[in-house]
Amino acid sequence: EKEAAAKAQKAKLERERAKPQSKTDLDSEAFEAPAYVEEVLNKQGIQGLLQEEAIIKNQVRNLESDMQMLVYENYNKFISATDMIRKMKTNVESMEEEMKRLSAKMSSISTKCESLEGSLEGNRDKMENLVGVNRLLQRLQFLFQLPNRLNKSIQIKAYGQAV
């Protein structure tokens, strides 16, 4: 709405600039108050001049009221923006503190992981050896049980199973 009103106002100003400038046109850049008063007096008399004064006073009050409203609205927007910026600054500052704490904790975790890894390094090699020995023992046990299994398969005539 405001954008449309601004465009309409701009179009009105452009139309007014295109008009020939008159000394008695209130909206003209060439306006002269004495010429305007003289023209109104000649056309409408003193009564017309008083009516014109009332109209202009009313327009001035309306314009002042509109201007005051715009100032108030813009002031409120400015205050709101200032408050928002202040809150954002506070949030960023607290985030910076949180990031510092998080970085310190991550560093501590990294140090502890390295320490734990170092202490388990010797055990890891032993575990790998033990796992290898366990696999070898399982194979040997299978080989030791193989003759018995073959004999049982032959006795029950399950030659396919024996092979």
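You'll find the structure just up there.
The following refers to the structure shown. Just so you know, these numbers come straight off a predicted model, no measurement behind them.

About the thresholds
Residues numbered from 1 in each chain as written. Predicted model: local features only at pLDDT ≥ 70, side-chain atom pairs only at ≥ 80, totals over all residues. Heavy atoms only, no water. 1 Å grid on protein atoms, 1.4 Å probe; cavity = no way out; pocket = protein on both sides within 12 Å on 5 of 7 lines; lining within 4 Å. Points joined across faces, edges and corners; volume = space filled by probe spheres on them. Helix = DSSP H or I, 4+ residues; strand = E, 2+ residues; numbered from the N terminus. Nonpolar A, V, L, I, M, F, W, Y, C, P; charged D, E, K, R; others polar. Expected span 1.5 Å × (residues − 1). Bend = angle between axes of the 7 residues up to and from the residue. Buried < 20%, exposed > 50% of the residue type's maximum accessible area, 1.4 Å probe, protein only. Contact = heavy atoms within 4.5 Å. Salt bridge = Lys/Arg side-chain N within 4 Å of Asp/Glu carboxyl O.

1. Examining the layout of surface pockets
Link 1 in the chain: Volume-wise, the largest pocket comes out at about 340 Å³.
Link 2 in the chain: Looking at the largest pocket, it is lined by 10 residues, and the ones nearest its centre are Lys12, Leu26, Asp27, Gln59 and Leu63.
Link 3 in the chain: Those elements that provide at least two residues to the lining of the largest pocket are helix H1 (2–18) and helix H2 (33–155).
Link 4 in the chain: Its residues assigned to classes, the lining of the largest pocket comprises five nonpolar, two polar and three charged.

2. As for H2
Link 1 in the chain: Taking 1.5 Å per residue as the helical rise, H2 with its 123 residues ought to reach 183 Å, whereas the 134 Å between its terminal C-alpha atoms falls clearly short.
Link 2 in the chain: Taken as a whole, H2 carries its principal kink of about 120 degrees at glutamine 44.
Link 3 in the chain: Among the residues making up H2, those that are buried are Tyr36, Val40, Gly48, Glu52 and Ser153.
Link 4 in the chain: Just downstream of H2, lysine 157 is the residue with a positive phi angle, here 55 degrees.

3. Topic: the environment of valine 40
Link 1 in the chain: Locating valine 40 in the fold gives a position in helix H2.
Link 2 in the chain: Using a relative accessible area of 7% as the deciding quantity, one classes valine 40 as buried.
Link 3 in the chain: Separated by 12 residues in the primary sequence, valine 40 and glutamate 52 place their C-alpha atoms 8.2 Å from one another.
Link 4 in the chain: Setting aside its immediate chain neighbours within four residues, valine 40 contacts Gly45, Gly48, Leu49 and Glu52.

4. What to know about the pattern of salt bridges
Link 1 in the chain: Throughout the structure, instances matching the rule amount to five salt bridges.
Link 2 in the chain: A salt bridge links glutamate 3 to lysine 7, with the nearest nitrogen and oxygen atoms 3.9 Å apart. Of this pair, glutamate 3 and lysine 7 are both found in helix H1, four residues apart, which corresponds to roughly one turn of the helix. For the pair formed by glutamate 3 and lysine 7, the shared burial category is exposed.

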